[in-house]
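The lines below spell out each chain.
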Amino acid sequence: MLTELDAQIGDALQSLGLPILSKVDKPTELFAKPKITPCVWYIIEKARFESVSSFAFSVDFDVSVFLFYRSLREKGQGAYELLERILSALSLKTQFNLIPQGIELYYHESGEFAFLLSFKGNGRFVVPQEEEPLTTRITVYEGEEFVSEVSK
């Protein structure tokens, strides 16, 4: 379920034509400014599971999307159209009921902007079960010699 959520968010953002920053490998890369703008980075922050049945859970999660933008204009007004496109894409193109919670100017330095878009969503997670119980696959043959390919 979480991999489906990650894939749907990525696909919705790629449909906008915005580059998506890759996941970081080192903690120091987390705070590096992107070289290409505009671009986005997203993270699934929290996932809270609530039992519905013995093998099914209702999942509430928080998603943050960062839009990195450069502009010589004051306050990054050129980013507003991109923010609206991100809001509509994530609200309409995913099956996880993503509901926008807010937009915040995360940082602003000499024409470089980062906006934080917050979403809450929910979905359902079903634990995959085996097709047949393990006990039906174990067979004991009495009186026969055990032969395996290793012992041949």
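Below is a summary of the structure that appears in this document. Fair warning: this is a prediction, and the values are worked out from it, not measured in the lab. (Residues numbered from 1 in each chain as written. Predicted model: local features only at pLDDT ≥ 70, side-chain atom pairs only at ≥ 80, totals over all residues. Heavy atoms only, no water.)

Let's talk about the overall build of the chain
Move 1: Each helix and strand in the chain was counted, giving 2 helices and 4 strands.
Move 2: Starting at the N terminus and ending at the C terminus, the chain contains elements arranged as α-β-β-α-β-β.
Move 3: With 152 residues in all, the chain has 31% of them scored as buried.
Move 4: Counting contacts in the chain only where the partners sit at least 6 residues apart, residues at least 24 apart contribute 59% of the total.
Move 5: Accessible surface, the chain as shown: approximately 10,800 Å² in total, 54% of it carbon and sulfur. (Helix = DSSP H or I, 4+ residues; strand = E, 2+ residues; numbered from the N terminus. Buried < 20%, exposed > 50% of the residue type's maximum accessible area, 1.4 Å probe, protein only. Contact = heavy atoms within 4.5 Å. Areas by Shrake-Rupley, 256 points an atom, 1.4 Å probe, with all protein chains shown as cover.)

Re the sheet that holds strand β3 (residues 99-109)
Move 1: The sheet built from 4 strands is open, its strands ordered β1-β2-β4-β3 with antiparallel pairing. The two strands at the open ends of the sheet, each matched to only one other strand, are β1 (39-51) and β3. Adjacent strand axes in the sheet meet at a mean angle of 20°, parallel and antiparallel pairs treated alike.
Move 2: In terms of strand pairing, strand β2 (residues 56-70) meets strand β4 (residues 112-126) through 15 bridges, oriented antiparallel. Considered in β4, the bridge of Ser58 is made with Arg124.
Move 3: Its contacts with the sheet put helix α1 (residues 2-14) on β1 and β2, and the angle it makes with β1 is roughly 150°.
Move 4: Against the sheet, helix α2 (residues 80-92) contacts β1, β2, β3 and β4, and its axis sits at roughly 5° relative to β4. (Pairing = 2+ DSSP bridges. Axes fitted to C-alpha atoms, helices over the stretch in contact; angles between N-to-C directions.)

Description of the side chain of Glu112
Move 1: The residue Glu112 is located in strand β4 in this model.
Move 2: Of the residues examined, Glu112 reaches a relative accessible area of 18% and is grouped as buried.
Move 3: Within the structure, the side chain of Glu112 is placed 3.2 Å from the side chain of Arg70, a separation counted as a polar contact. (Polar contact = N/O pair within 3.5 Å; in protein donor to acceptor, adjacent residues only side chain to side chain.)

Description of the pairing of β2
Move 1: By the criterion of burial, β2 is predominantly enclosed, with 11 of the 15 residues buried.
Move 2: Relative to β2, β1 runs antiparallel, the two sharing 12 bridges. Of the residues in β2, the one forming a bridge with Ile43 is Ser64.

A short note on the packing of α1 against α2
Move 1: For the pair α1 and α2, interaxial distance at closest approach is 9 Å and the crossing angle is 140°. Between α1 and α2, the angle falls in the class oblique. The way α1 lies across α2 gives a crossing that is right-handed. Facing Ile9, Ala12 and Leu13 of α1, the residues of α2 in contact are Ile86, Ala89 and Leu90.
Move 2: Taken together, the residues of the contact of α1 with α2 sort by class into 6 nonpolar, no polar and no charged. (Parallel < 35°, antiparallel > 145°, perpendicular 65-115°, else oblique. Left-handed = near helix turned anticlockwise from the far one by under 90°. Nonpolar A, V, L, I, M, F, W, Y, C, P; charged D, E, K, R; others polar.)

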